[in-house]
Amino acid sequence: MSKYKMHVLVCGGTGCLSSNSSQIVDNIKKYLKENGMENDVQVLKTGCFGFCEKGPIVKILPDNTFYVQVKPEDAEIIVKEHLVKGRKVERLLYKEPLTNKSIEDSKHMDFYKKQMRVALRNCGFIDPDNIDEYIARDGYQALGKALTEMTPETVIEEVKKSGLRGRGGGGFPTGLKWEFAHKNKADQKYVVCNADEGDPGAFMDRSILEGDPHSVVEAMAICGYAIGANKGLVYIRAEYPLAIQRLRNAIKSAREYGLLGKDILGTGFDFDIEIKYGAGAFVCGEETALIHSMEGGRGEPTTKPPFPAESGFWGKPTNVNNVETFANIPVILLKGADWFSSIGTEKSKGTKVFALAGKINNVGLIEVPMGTTLREVIFDIGGGIKNGKKFKAVQTGGPSGGCLTEKDLDTPIDFDNLLAKGSMMGSGGMIVMDEDDCMPSVAKFYLEFTEDESCGKCTPCRVGTKRLSEILTKITEGKGTMEDLQTLKTLSQTIKDTALCGLGQTAPNPVLSTIETFWDEYVAHVKEHRCPAGQCTALLQYKILEEKCIGCTACSRVCPVGAISGKVKSTHVIDQDKCIKCGACYDKCKFSAIVRQ
Amino acid sequence: MANCVSCTNKLSEQGFQKLEQFIDELDEKNGALISVLHKAQEIFGYLPREVQQFVAKKLEIPVSKVYGVVSFYSFFTMIPKGEHPISVCMGTACYVRGAEKVLNEFKRELNIDIGETTKDGKFSLDALRCVGACGLAPVVLIGEKVYGRVTPDQVKSILKEFE
Ligand SMILES: Cc1cc2nc3c(=O)[nH]c(=O)nc-3n(C[C@H](O)[C@H](O)[C@H](O)COP(=O)(O)O)c2cc1C
Ligand code: SF4
Ligand code: SF4
Ligand code: SF4
Ligand code: FES
Ligand code: FES
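The present account deals with the structure reproduced in this document. (Residues numbered from 1 in each chain as written. Chains lettered and ligands numbered in written order. Predicted model: local features only at pLDDT ≥ 70, side-chain atom pairs only at ≥ 80, totals over all residues. Heavy atoms only, no water.)

A look at the overall build of chain A
So, point 1. On a plain count of helices and strands, chain A comes out with 24 helices and 18 strands.
So, point 2. Taking 25 Å as the expected radius of gyration for a compact globule of 597 residues, we find that chain A reaches 26 Å, a close match to that expectation.
So, point 3. Considering only C-alpha atoms, chain A reaches an extent of 85 × 65 × 40 Å along its principal axes.
So, point 4. Taken across its 597 residues, chain A has 60% of its residues classed as buried.
So, point 5. Considering only intrachain contacts with a sequence separation of at least 6, the fraction spanning at least 24 residues in chain A is 69%.
So, point 6. Roughly 22900 Å² of accessible area belongs to chain A as shown, and the carbon and sulfur atoms make up 50% of that amount. (Helix = DSSP H or I, 4+ residues; strand = E, 2+ residues; numbered from the N terminus. Rg over C-alpha atoms; globule rule 2.2 N^0.38 Å. Buried < 20%, exposed > 50% of the residue type's maximum accessible area, 1.4 Å probe, protein only. Contact = heavy atoms within 4.5 Å. Areas by Shrake-Rupley, 256 points an atom, 1.4 Å probe, with all protein chains shown as cover.)

Observations concerning the overall build of chain B
So, point 1. Scanning chain B from N- to C-terminus turns up eight helices and four strands.
So, point 2. For chain B, the N- to C-terminal ordering of α and β elements is α-α-α-α-α-β-α-α-β-β-β-α.
So, point 3. Overall size of chain B, expressed as C-alpha extent along the three principal axes, is 50 × 30 × 25 Å.
So, point 4. Residues classed as buried in chain B amount to 51% of the 163 residues present.

Brief notes about the sheet that holds strand β14 (residues 429-434) of chain A
All names here are of chain A.
So, point 1. Spatially, the five strands line up as an open sheet ordered β11-β10-β14-β12-β13, and their pairing is mixed. Where the open sheet ends on each side, the last strands, each with one partner, are β11 (364-369) and β13 (402-405). Across the sheet, the mean angle separating the axes of adjacent strands is 30 degrees when strand polarity is ignored.
So, point 2. Looking at chain direction, strand β10 (residues 351-358) and β11 are connected through six bridges and run antiparallel. (Pairing = 2+ DSSP bridges. Axes fitted to C-alpha atoms, helices over the stretch in contact; angles between N-to-C directions.)

Concerning the site of ligand 1
Residues and elements named next belong to chain A.
So, point 1. Taken together, 18 residues are adjacent to ligand 1, and Gly168, Lys177, Asn321, Asn322 and Thr325 come closest.
So, point 2. Glu287 has a polar backbone atom sitting 3.0 Å from an oxygen atom of ligand 1.
So, point 3. Within the contact set of ligand 1, an oxygen atom lies 2.8 Å away from a side-chain nitrogen or oxygen of Asn322.
So, point 4. For ligand 1, whose accessible area on its own is 610 Å², the fraction buried by protein is 87%.
So, point 5. Most atoms of ligand 1, that is more than half of them, are within 2 Å of grid points of the second largest pocket.
So, point 6. At the level of secondary structure, the elements contributing two or more residues to the shell around ligand 1 comprise β9 (318-322) and α20 (502-506).
So, point 7. In terms of residue class, the shell around ligand 1 is built from three nonpolar, nine polar and six charged. (Near = heavy atom within 4 Å. Polar contact = N/O pair within 3.5 Å; in protein donor to acceptor, adjacent residues only side chain to side chain. 1 Å grid on protein atoms, 1.4 Å probe; cavity = no way out; pocket = protein on both sides within 12 Å on 5 of 7 lines; lining within 4 Å. Sits in = over half its atoms within 2 Å of the grid points. Nonpolar A, V, L, I, M, F, W, Y, C, P; charged D, E, K, R; others polar.)

Quick look at the environment of Cys589 of chain A
All names here are of chain A.
So, point 1. Structurally, the position occupied by Cys589 is in the loop between α24 (584-588) and β18 (594-596).
So, point 2. Given a relative accessible area of 18%, Cys589 falls into the buried group.
So, point 3. It is 6.2 Å that separates the C-alpha atoms of Cys589 and Cys555, two residues lying 34 residues apart in sequence.

Structural notes on the interface of chain A and chain B
So, point 1. Chain A puts 56 residues into the contact, and the matching count from chain B is 36 residues.
So, point 2. Per-residue buried area on chain A facing chain B is highest for Ala279, Arg298 and Phe445 of chain A; these three make up 16% of the total on that side.
So, point 3. Where chain A meets chain B, there are four salt bridges.
So, point 4. The salt bridge partner of Glu453 of chain A is Arg129 of chain B, with a shortest N-O separation of 2.4 Å.
So, point 5. Put simply, chain A and chain B have 18 residue pairs in polar contact (both at pLDDT 80 or more) between them.
So, point 6. Secondary-structure elements contributing two or more residues to the side of chain A that touches chain B are α1 (14-17), β6 (231-237), β8 (269-278), α12 (287-294), β10, β14 and α17 (439-453) of chain A.
So, point 7. The biggest single contributor to the side of chain A that touches chain B is α17 of chain A, with seven residues.
So, point 8. Counted by class, the side of chain A that touches chain B contains 29 nonpolar, 13 polar and 14 charged residues. (Buried area = accessible area lost by both parts, 1.4 Å probe. Salt bridge = Lys/Arg side-chain N within 4 Å of Asp/Glu carboxyl O.)

A closer look at empty space enclosed by the protein
Residue and element names in this part refer to chain A.
So, point 1. The full count for this structure, using the stated rule, is six cavities of 30 Å³ or more.
So, point 2. Taken as a whole, the largest cavity encloses approximately 100 Å³ of empty space.
So, point 3. Around the largest cavity, the lining comprises 14 residues; the ones closest to its centre are Cys559, Ile564, Cys579, Cys582 and Cys585.
So, point 4. Here the residues of the lining of the largest cavity are counted per class, giving 12 nonpolar, one polar and one charged. (Points joined across faces, edges and corners; volume = space filled by probe spheres on them.)

Quick look at the nonpolar core
So, point 1. Counting 145 residues, the largest nonpolar core has Trp178 of chain A together with Ile86 and Phe106 of chain B as its most contacted members.
So, point 2. Top contributing element to this core by residue count: helix α10 (residues 213-227) of chain A, with 10 residues.
So, point 3. Ignoring any residue separated from it by four or fewer positions in sequence, one finds Phe106 of chain B in contact with Ile86, Val88, Asn111, Leu125, Val140, Val155 and Leu159 of chain B.
So, point 4. Within the second largest apolar cluster, 60 residues are counted, among which are Tyr235 and Cys284 of chain A together with Ala56 and Phe72 of chain B. (Core = buried A, V, L, I, M, F, W, Y, C linked by side-chain atoms within 4.5 Å.)

Regarding the packing of aromatic side chains
All names here are of chain A.
So, point 1. Evaluation of the coordinates by the stated rule reveals 23 aromatic pairs over all chains.
So, point 2. Measuring from centroid to centroid gives 6.0 Å for Tyr542 and Tyr586, while their planes differ by 65 degrees, and the two rings are edge-to-face. Of the two residues, Tyr542 is situated in strand β15 (residues 542-544) and Tyr586 in helix α24; the sequence distance between them amounts to 44 residues.
So, point 3. A residue is classified by how much of its surface remains accessible, and Tyr586, at 31% relative accessible area, is partly exposed. (Phe/Tyr/Trp six-rings, centres within 6.5 Å; stacked < 30°, edge-to-face > 60°.)

These values are about where atoms sit, not about what they do.
Here it is, written out as structure tokens:
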């Protein structure tokens, strides 16, 4: 990076790309050229910075200036003012929401202060399509070290000592898994990277593959060396076109550099990677289902044992790890197991990436040491709840997880603590909910998801999730009975105990984790036919308060079905037969004249 | 996927030739079914019975196995998509920020349900899960175009862009 005086990093993650960040890159290059500076300033399209809420993001080095919500037409002023004259563009700087103070250096942002970036170390720093940049940040050094200075056994020992546990949800010790695969003798073994990322609302694996694909490629080769496999497979969702493209590119350049293929670095070790595509089935994230899918069949799980480490892809020993798990490997080998295990809690070492989303100010991707509390994540890094509303719950672990509430805010986040609280780490989705979110509806949302995604192979899951979601629908329509609430509990327990795979076994968690804590809310739906959060449309009515309505007509213009009538400057009324309860008028009225009951 | 769907609806001879070439060039036919189906859907836009039969014959497997796989995966579709396929993100982040209301509004405006295509073949409607732009929730995709922070009352004007 040395020949340039300055660097402009423009976010090329999915979020920012969809708000036109490619055009920003082009415009900046254009204006640099006009000012004869194209050789002094380097412009890079990087992976996600994590701060997607305020995208598109443009960062300028070496002064760490962090511009937010940049539009393509802002390129001109950034070049002319900042890059030419050295004056920061005040209006594009990030302002801390509480103090409204502009932040000049991104290191001082609350969002980044408590973060620690290990798996995401290169995301937002390098051009993912350029292998030289990865190499310049110690890329492929860990592979070199493993191949020349370490035996497969010492690599495994180091990973074991680091305490790294799988980031795909289960939290199984990675070194131990490698050891099993290593010990099973076979003529052919496989390394599989699970990039199926099924949790709807989690996007860390995608961001790693988009922002730093080489870290995964390198780690898979290291794993291949450790377990004695010379073939790697990445199973990735077809819905991730950008990640696929960057991964393909990374594999291609690694081959050109002799870092994949035959006789890597002249050590006699062969390893290559092939990409396999998923086709939109959540259950294919489960490792046995994933293997069946890679073999070209229906992605139905099978009972374990045998584990993939004994009999996996085409019956051969196969080691399956998650994207984020792999992304940690090169750092562990370079900085050492002791360094890694000094981070985190007693039984959960290192960091964890979370996708923070929902009713939170700073939606985005964050990485924190294990043991950070939910409060720090939600209020310090996440900037608290949107629109000053009250925090109600945070859902972790996706469809297999549960809801944590106010009382859990000071719990240090790690695998075991989350399990003990009736939720789980899962892949790291974290959805924040406020007082307007209805818990039976949230449970219904997840159960509809699992009902839809159940592969149908075993009855408890196929029929059980359907029954659960039917009962929840009844409740949210105000037609539930107290008996239904009991059934929810007992049925949930039965499914948990008898389903064949992880999908079914964890499917009832969204119910179980809300029904106790939010019992009153469930009961209100049943006994009073009332939704305390005001979300269940079947139980709602929108009404205009005569005394408050000034007749501004805003509501009648926004109503999609023409349910609101009234003359200018006189009270408006809603025709309840026509109203479809979309809530548009409620959001529009500036005079709080519309109420939801 | 960038193919214009309406011109590929008629299952062209050319399409079959392309698919045949793809299959013939495979290193390994064993286990290739899903990648072949991805290719076929890219060429034809959807996977009607004729295409499934063709794939079965070429890979020397029963049609029932092909059908079993096509019906298992939600990415594969047996009905042609509209000229402008609409996908509403129903991932959790979008859901808690009101995606369901947006979806309902599309259903109402177009008078179709999820998985259906309008009679004139112009629009089709799908729900999908997390497109990775949660910061912009709720998110709607129309073709390749991404709409962020969509509210129900914007639905009408968004659809107008395609008229
Ligand atoms: C229903 C279900 C869905 C899963 N989805 C994923 C997924 O999307 N990504 C993932 O890495 N692991 C997923 N897993 C976990 C995998 O089965 C497996 O444990 C994991 O890929 C192992 O990698 P790790 O040890 O590095 O976490 C899922 C498990 C179940 C039961
Ligand atoms: S628990 Fe559900 S997803 Fe798993 S095998 Fe049974 S039916 Fe299939
Ligand atoms: S927007 Fe509010 S104040 Fe205006 S007419 Fe409607 S109810 Fe009355
Ligand atoms: S809730 Fe929607 S349909 Fe009902 S009156 Fe308001 S805008 Fe019209
Ligand atoms: S996509 Fe740009 S910050 Fe996340
Ligand atoms: S949940 Fe909709 S983009 Fe992530």
